[in-house]
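# Coordinate inspection notes
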Amino acid sequence: MKNDLVVVCGGGGFIGGHLVADLRRQGFTRIRAVDRKPQTGWYQRFPDVENLVLDLDLKGNCYSAVQGAYTVYNLAADMGGMGFIENNKALCMLSVLINTHLLQAVKDLGIQRYFYASSACVYNGDKQRDTNVTALKEEDAYPALPEDGYGWEKLFSERMCRHFREDYGIWTRVARYHNVYGPFGTYDGGREKAPAATCRKVIAAKLAGTNDIEIWGDGHQTRSFMYIDDCLKGTQMLTHSDFVEPINIGSSELVSINQLVDMVEDIAGIKLKRSYNLKAPKGVNGRNSDNTLIQKVFGWEPSTRLRDGMEQTYRWIHDQMIARKEGKAVQSFH
Ligand code: NAD
């Protein structure tokens, strides 16, 4: 029902901010966004939404956050691109507190629906050694050998959702997101991921008139990237479906990092001299989403063309960087 209270944990972040915006567009009238960051740092913020600053590591705050809700989306986590997760494993694992305390609150307060954002980082590393990848199917998470730190936390929290469903009858739904990108997200500061980082580097080179770009790894590593609109659609479908197992929500359009850079150069209308930093964190050699299951369950899969999504993302980051250069306040609030 459109007047049921919906809580978006991590509502000040990239995906959470978009989810709040999307729920408003759909006509939900009672939305609560919760994040640890001060509200000035939220990517999207709306005056008709109840915006709460709470640290969800703390159990008591989780009860306050979800009180009265019908649906709770857990998009709160300490996360970032490879540069962040390879160097902050303990911090990433501490996000287990958020999911654990939220699940306890949801159970004790009788809340109907709970969505958890897991990640392709749960998949067994042995299946991702080759740039010429075999796309990852849901069963490839076991036997377990996930990304150290961040991936272990995600896999453990997935299982926590499973057991709260099995033992207490809580409606938990788990998505394994594959690299999400789009406007209103992190593009600098160390937590940014490859699509935003590539846009920022290309724009910076263009604005400064230099001709260089540094690429992490040898550029041959392959990935798929999902545009935010597809992420939102898949998230909503899953949350309200009867499907109970973790499921991939990701694009299956595979590109190498070099091809991603080609694309952004083309959008920018420049060609840069590439240097490859082989010591930088680069993650697994290849990763793609096998979408057989999501097609079977929903008759749908993320399909926004990378080029289309990257044009939107590039334009937003470009405007942000120009605004900063001109000393203007960066406006990401509505
Ligand atoms: P994000 O960093 O933009 O948003 C996460 C938000 O959670 C941040 O605003 C952060 O302040 C908040 N947060 C962190 N710890 C908190 C705490 N203790 N209490 C309250 N708020 C806290 O990241 P995102 O890209 O929007 O990711 C959302 C979710 O999706 C995360 O769980 C992430 O692991 C998952 N995910 C994202 C991607 C991706 O490519 N973006 C891929 C796979 C999974």
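Residues numbered from 1 in each chain as written. Predicted model: local features only at pLDDT ≥ 70, side-chain atom pairs only at ≥ 80, totals over all residues. Heavy atoms only, no water.

### Topic: the site of the ligand
Around the ligand lies a shell of 26 residues, among which Ile 15, Asp 35, Tyr 150, Val 180 and Lys 193 are the nearest. Between the ligand and Phe 14 there is a distance of 2.8 Å, counted from an oxygen atom to a backbone nitrogen or oxygen. For the shell around the ligand, the elements supplying multiple residues, two or more each, are helix H1 (14-26), strand S5 (113-119) and helix H6 (150-168). Take the shell around the ligand: its biggest share by element is 3 residues, from S5. (Near = heavy atom within 4 Å. Polar contact = N/O pair within 3.5 Å; in protein donor to acceptor, adjacent residues only side chain to side chain. Helix = DSSP H or I, 4+ residues; strand = E, 2+ residues; numbered from the N terminus.)

### Some details on the sheet that holds strand S2 (residues 31-35)
If you trace the 7 strands from one edge of the open sheet to the other, you get S3-S2-S1-S4-S5-S6-S11, paired in parallel fashion. Every other strand in the sheet has two partners, leaving strand S3 (50-53) and strand S11 (247-249) as the edge strands with one partner each. The sheet shows a mean angle of 20° between the axes of neighbouring strands, direction not considered. Bridge count for strand S4 (residues 71-74) against S5 is 4 bridges, and the pairing is parallel. When the sheet's bridge partners are listed, Thr 71 is paired in S5 with Arg 113. Of the strands in this sheet, strand S1 (6-9), S4, S5 and strand S6 (171-177) are in contact with helix H5 (residues 96-108), which crosses S5 at around 165°. (Pairing = 2+ DSSP bridges. Axes fitted to C-alpha atoms, helices over the stretch in contact; angles between N-to-C directions. Contact = heavy atoms within 4.5 Å.)

### Here we look at the side chain of Ser 251
Structurally, Ser 251 is set in the loop between S11 and strand S12 (254-256). Judged by relative accessible area, which is 5%, Ser 251 ranks as buried. From its side chain, Ser 251 meets the backbone nitrogen of Glu 253 in a polar contact 3.0 Å long. Dropping the residues within four chain positions of it, Ser 251 is found in contact with Ser 224, Phe 225, Met 226, Asn 288, Ser 289, Asn 291 and Pro 302. (Buried < 20%, exposed > 50% of the residue type's maximum accessible area, 1.4 Å probe, protein only.)

### Quick notes on helix H8 (residues 228-239)
With 12 residues, H8 should cover 16 Å at 1.5 Å per step; its first-to-last C-alpha distance of 16 Å lies within 8% of that length. Burial of H8 is extensive: 9 of the 12 residues sit out of reach of the surface. Restricting attention to buried positions, one finds in H8 the residues Ile 228, Asp 230, Cys 231, Leu 232, Gly 234, Thr 235, Gln 236, Leu 238 and Thr 239. (Expected span 1.5 Å × (residues − 1).)

### As for the nonpolar core
Burial of nonpolar side chains together is a common tendency in soluble globular proteins. Among the nonpolar cores identified, the biggest contains 58 residues, and Leu 75 and Tyr 177 are the most heavily contacted of them. The residues that make up this core include at least three from each of domain 1 (6-181 + 226-249) and domain 2 (194-223 + 254-325). In this structure, Cys 9, Leu 56, Cys 62 and Val 174 belong to the second largest nonpolar core, which totals 25 residues. (Core = buried A, V, L, I, M, F, W, Y, C linked by side-chain atoms within 4.5 Å. Domains from an automatic or database assignment.)

### Notes on unusual backbone geometry
That bond from Tyr 142 to Pro 143 is cis: its omega, 0°, falls within 30 degrees of zero. Residues other than glycine seldom take positive phi values, yet Phe 184 does so here, at roughly 60°. Within the fold, Phe 184 resides in the loop between strand S7 (180-181) and helix H7 (194-208).

### Some remarks on the domain arrangement of the protein chain
Split into domains, the protein chain comes out as domain 1 (6-181 + 226-249) and domain 2 (194-223 + 254-325). The partner domain 2 presents 33 residues to the 31 residues of domain 1 that form the contact. Summed over both partners, the interface of domain 1 with domain 2 comes to about 2,700 Å²; 65% of that surface belongs to carbon and sulfur atoms. Of all residues in domain 1, the largest losses of buried area upon contact with domain 2 belong to Gln 128, Thr 131 and Tyr 181, amounting jointly to 22% of the total for that side. Run the count over domain 1 and domain 2 and you get 1 salt bridge. The salt bridge involving Lys 137 is made with Asp 290; its shortest N-O contact spans 2.9 Å. Where domain 1 touches domain 2, the interface holds 12 residue pairs in polar contact (both at pLDDT 80 or more). Those elements that provide at least two residues to the side of domain 1 that touches domain 2 are helix H3 (82-85), strand S10 (226-227), H8 and S11. The leading source of residues in the side of domain 1 that touches domain 2 is H8, at 5 residues. For the side of domain 1 that touches domain 2, the per-class residue count stands at 14 nonpolar, 9 polar and 8 charged. (Buried area = accessible area lost by both parts, 1.4 Å probe. Salt bridge = Lys/Arg side-chain N within 4 Å of Asp/Glu carboxyl O. Nonpolar A, V, L, I, M, F, W, Y, C, P; charged D, E, K, R; others polar.)

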